[in-house]
There are 2 protein chains.
Amino acid sequence: MRTSEGVEWALHACLNLAWVEDGHPVPAAALAGHFQLPPAYLNKQLQALVRSGIVSSTSGPRGGFQLARKPQDITVLDVVVAIEGSEEAFRCAEILRDAPDGEMGIDYRNTCVISQVMRKAELAWWKELAGRTLAEVKATVESRFPAVPGQTRHGLLNRRA
Amino acid sequence: MRTSEGVEWALHACLNLAWVEDGHPVPAAALAGHFQLPPAYLNKQLQALVRSGIVSSTSGPRGGFQLARKPQDITVLDVVVAIEGSEEAFRCAEILRDAPDGEMGIDYRNTCVISQVMRKAELAWWKELAGRTLAEVKATVESRFPAVPGQTRHGLLNRRA
DNA sequence: GCTGACTTACTCGGATATCAGTTGTCCGAGTACCACAGG
DNA sequence: CCTGTGGTACTCGGACAACTGATATCCGAGTAAGTCAGC
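All values reported here derive from a predicted model rather than from experimental measurement.

Residues and elements named next belong to chain A. One pass over the full model with this rule turns up two aromatic pairs over all chains. Residues Trp 9 and Tyr 41 carry aromatic rings whose centres are separated by 5.3 Å and whose planes lie at 80° to one another, so their mutual orientation is edge-to-face. With Trp 9 in helix α1 (residues 5-18) and Tyr 41 in helix α3 (residues 39-51), the pair connects residues that are 32 residues apart, well separated along the chain.

Printed below as a string of structure tokens:
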């Protein structure tokens, strides 16, 4: 089990977009250049964020991506789900149905104790991620590394040229 | 992100082995037949459990697999790690190092706030799984479905014939 | 009838194909800006 | 000098390949039981 590489990219991209003043879209190429990432593939990940309503996109010159919501209204889970999808990691195949005495009408995803344990664990994971907003992450970084926001904003805008 | 199918199989297999009296190994083919699973592939998953010291194997006639430890000494996490490996799901690629002002000597897996958030979430997941032993799962099933243990043991031993 | 070795069948274990999903790339659709011509 | 129009360059968006890892299968190594011959 491993999360997609795009999760890390998307989180860093959102954080960077949070440091750019409103009304200034940042092209995918600028973000990609900032982290030395393949532009087209990062663009693909950003599209997923657009579909989830986390960022908005603008085409054409001076276009790009910007946050669609306030950082305090974006949780880390939102970003993860946008990239990975909302399906749970452990998907009960209901193998108990094929076992002796297995019945057709039973939903073993809810009945099977093993499935319940796995789901509860995943719920704890979700809860942890849903409890952290982008604004909190942003504030933590600003507190520990005060220079980063300015450097990032400057870097992204200069890279446009 | 999704867990391997083998995780579900391994958990059910361990639970079933817990219902068979000691000293009676169960062949992979018997477990596979019980759940209508491909025998060779289930065997492969069981090998991973052997390497992790969760079950022990015996070759030859009357051979098979049996639990190597007491159910109360086997956590759900043990089984998951045996199949999936101990690497964390979110693997920080340290993309901050390639960003401007990124430095070579820094371990961004520990410094990056995003990495910390993801790791903390995963820790919650681990903790949940580590807190459930096979004995607890077994007891829960026995409490809700008293007939299952006997049926399972009988089914596995009969299938041997 | 008992004991020993041999044969046989059974089971695990790892090496080998196959398939799906992630990773990565490319080109087309749309849009805003800019230049230029006309008034 | 102002305005409208056409061209141009830039950006996103989705369609298309490549590759890694999971899924599935097969055959060989090892072992214990069963069998048979000899004592």
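A separate point is the nonpolar core. Core analysis: the biggest nonpolar cluster contains 98 residues, and Leu49(A), Met118(A), Leu129(A), Leu49(B), Met118(B) and Leu129(B) have the highest contact counts within it. Beyond its immediate stretch of four places on either side in the chain, Leu129(A) contacts Thr75(A), Val76(A), Leu77(A), Val80(A), Val117(B), Met118(B) and Ala121(B).

Right, let's get into the relation of the copies chain B and chain A. Between the two copies, chain B and chain A, the superposition gives an RMSD of 0.0 Å; the rotation angle is 180° and the shift along the axis is 0.0 Å. Between the two chains, the operation in question is that of a two-fold axis. Residue Trp125(B) of chain B places its C-alpha closer to the rotation axis than any other residue of that unit, at 2.6 Å. Comparing contact sets, 100% of the residues at the interface of chain B also lie at the interface in chain A, consistent with an isologous, same-surface contact.

So, about the interface of chain B and chain A. Facing 51 residues of chain B, the contacting portion of chain A comprises 51 residues. Buried surface at the junction of chain B and chain A, summed over both partners, amounts to about 4,800 Å²; 69% is from carbon and sulfur atoms. One can count two salt bridges joining chain B with chain A. The partner of Lys120(A) in a salt bridge is Glu128(B), with the nearest N and O atoms 3.6 Å apart. Counting across the interface, chain B meets chain A through ten residue pairs in polar contact (both at pLDDT 80 or more).

Definitions and limits used
- Residues numbered from 1 in each chain as written.
- Chains lettered and ligands numbered in written order.
- Predicted model: local features only at pLDDT ≥ 70, side-chain atom pairs only at ≥ 80, totals over all residues.
- Heavy atoms only, no water.
- Phe/Tyr/Trp six-rings, centres within 6.5 Å; stacked < 30°, edge-to-face > 60°.
- Helix = DSSP H or I, 4+ residues; strand = E, 2+ residues; numbered from the N terminus.
- Core = buried A, V, L, I, M, F, W, Y, C linked by side-chain atoms within 4.5 Å.
- Buried < 20%, exposed > 50% of the residue type's maximum accessible area, 1.4 Å probe, protein only.
- Contact = heavy atoms within 4.5 Å.
- Least-squares fit on C-alpha atoms with pLDDT ≥ 70 in both.
- Buried area = accessible area lost by both parts, 1.4 Å probe.
- Salt bridge = Lys/Arg side-chain N within 4 Å of Asp/Glu carboxyl O.
- Polar contact = N/O pair within 3.5 Å; in protein donor to acceptor, adjacent residues only side chain to side chain.

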